[in-house]
Amino acid sequence: MTESFVRSVERRAGSPLRLRQRAVGGVGAVVWDAALVLAKYLERAWPWPGGGSADGGGGGGAGPVAVELGAGTGLVGLMAAALGANVTVTDLEELQDLLNVNINDNKHLVTGSIQAKVLKWGETVTDLPSDPDYILVADCIYYEQSLEPLLRTIKDLSGNKTCIILSYEERTMGNNPKVEKRFFFELLQTDFEIEEIPLDKQDEEYRSEDIHVLHIRRKSRR
Ligand SMILES: C[S@@+](CC[C@H](N)C(=O)[O-])C[C@H]1O[C@@H](n2cnc3c(N)ncnc32)[C@H](O)[C@@H]1O
């Protein structure tokens with residue numbers, strides 16, 4: 001296998017998650033800061049508000065159902081599955097090997113369930129849970145051509161009860177400000193409501209002024 005280096009992520013209870021990262025393999029092969037912030041927010045906020053039923057979704061005491069988009073190394077999905085969610089982590093074909101290695105390395109910590117699937121944004125969604133309680137997204141708003149396909153996937157997957165929990169790092173370089181503005185203020189706001197999670201509701205250590213955590217829900221149909 002390609003050479004890898006391990007990122008250890010502490011948890012409030014139990015042993016840390018260990019994520020293999022790769023020096024080659026594109027942007028998805030390392031853990032991004034927005035993923036750390038989101039994973040630690042999910043841990044602090046468990047059981048998560050705002051999706052599914054009062055027990056956190058899923059019903060009958062079972063954990064909520066979550067789909068992660070652009071999962072990269074799988075940190076966010078693995079934290080969710082360790083907390084008790086039933087998670088499908090998705091990314092491009094070339095990330096599946098790394099995702100499956102990380103799922104296997106951390107399977108003893110999973111109290112819900114986790115599986116990896118290929119999903120390219122904008123393509124037809126076939127074998128994923130429809131209307132999941134949560135869609136998780138970390139650091140996926142970074143290039144212009146992906147914005148409309150990503151929004152299409154979010155629309156295809158989400159139902160009225162779905163809460164999208166998304167983190168992104170606000171970047172000032174290049175056309176990043178333009179890309180972020182277009183996604184949040186032109187595309188997303190047409191059909192979705194956005195709630196920003198304040199810093200004092202995030203993890204005490206893993207939070208930053210530059211990294212935003214949002215709860216996003218479909219605008220209710222009149
Ligand atoms: C900046 S990385 C973030 C990875 C991970 N969420 C994290 O924060 O550590 C962006 C991720 O989006 C994935 N991605 C980019 N374009 C995509 C597309 N068109 N369809 C599906 N995934 C895509 C990449 O493969 C990569 O894993």
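Residues numbered from 1 in each chain as written. Predicted model: local features only at pLDDT ≥ 70, side-chain atom pairs only at ≥ 80, totals over all residues. Heavy atoms only, no water.

In this structure, Leu75 and Ile165 are the most contacted members of the largest nonpolar core, which totals 38 residues. If you tally residues by element for this core, the top one is helix H1 (residues 33–45), at 9 residues. Counting residues in hydrophobic clusters, the runner-up holds 25 residues, among them Leu147, Tyr168, Leu187 and Leu188. (Core = buried A, V, L, I, M, F, W, Y, C linked by side-chain atoms within 4.5 Å. Buried < 20%, exposed > 50% of the residue type's maximum accessible area, 1.4 Å probe, protein only. Helix = DSSP H or I, 4+ residues; strand = E, 2+ residues; numbered from the N terminus.)

Time to look at the side chain of Arg11. When you line up the elements, Arg11 lands in the loop between strand S1 (4–9) and strand S2 (17–22). No salt bridge is formed by the buried Arg11; its nearest oppositely charged neighbour, Glu43, is found at 5.5 Å. Within polar-contact distance, the side chain of Arg11 engages the backbone oxygen of Ser15 at 2.7 Å. For Arg11, the residues in contact, after removing those within four places along its chain, are Pro16, Leu17, Lys40, Glu43, Met79, Ala82 and Leu109. (Lys, Arg positive; Asp, Glu negative; His and termini not counted. Salt bridge = Lys/Arg side-chain N within 4 Å of Asp/Glu carboxyl O. Polar contact = N/O pair within 3.5 Å; in protein donor to acceptor, adjacent residues only side chain to side chain. Contact = heavy atoms within 4.5 Å.)

Moving on, we come to the confidence of the model for the protein chain. For residues with low pLDDT, the predicted coordinates do not support detailed interpretation. Across the protein chain, pLDDT averages 93, with 93% of residues at or above 70. With pLDDT under 50 throughout, residues 53–61 is counted as low confidence; its partners more than four residues away or in other chains account for 19 contacts. (pLDDT = per-residue confidence, 0-100.)

A few words on the site of the ligand. Of all residues adjacent to the ligand, which total 20 residues, the nearest are Gly70, Asp91, Trp121, Ala138 and Tyr143. In this structure, an oxygen atom belonging to the ligand sits 2.6 Å away from a side-chain N or O atom of Asp91. Here the ligand, which alone exposes 590 Å², has 95% of that area covered by the protein. In the shell around the ligand, the residues fall into 14 nonpolar, 3 polar and 3 charged. (Near = heavy atom within 4 Å. Areas by Shrake-Rupley, 256 points an atom, 1.4 Å probe, with all protein chains shown as cover. Nonpolar A, V, L, I, M, F, W, Y, C, P; charged D, E, K, R; others polar.)

As a further point, take the sheet that holds strand S5 (residues 113–118). Here we have 7 strands laid out as an open sheet, ordered S5-S4-S3-S6-S7-S9-S8, and mixed in their pairing. The sheet is open, and its two edges are formed by S5 and strand S8 (192–196), each paired on a single side. Here the average twist between neighbouring strands, direction ignored, is 20°. Bridge analysis of strand S7 (residues 163–169) against strand S9 (residues 211–218) gives 6 bridges, and the strand direction is antiparallel. Bridged to Tyr168 within S9 is His212. Contacting strand S4 (86–91) and S5, helix H3 (residues 96–105) runs over the sheet at an angle of about 170° to S5. (Pairing = 2+ DSSP bridges. Axes fitted to C-alpha atoms, helices over the stretch in contact; angles between N-to-C directions.)

Let's shift gears to the pairing of S4. One face of the sheet, then the other: side chains in a regular strand alternate in exactly this way. Judged by how many residues are buried, S4 sits mostly within the fold: 5 of 6 residues are covered. Pairing of strand S3 (residues 65–69) with S4, which is carried by 4 bridges, proceeds in the parallel orientation. Looking at the pairing, Ala66 lines up with Val87 of S4. Handedness of the S3-helix H2 (residues 75–83)-S4 crossover: right-handed. Pairing analysis gives 6 bridges linking S4 to S5, with the strands arranged parallel. (Right-handed = clockwise from strand over helix to strand, strands pointing away.)

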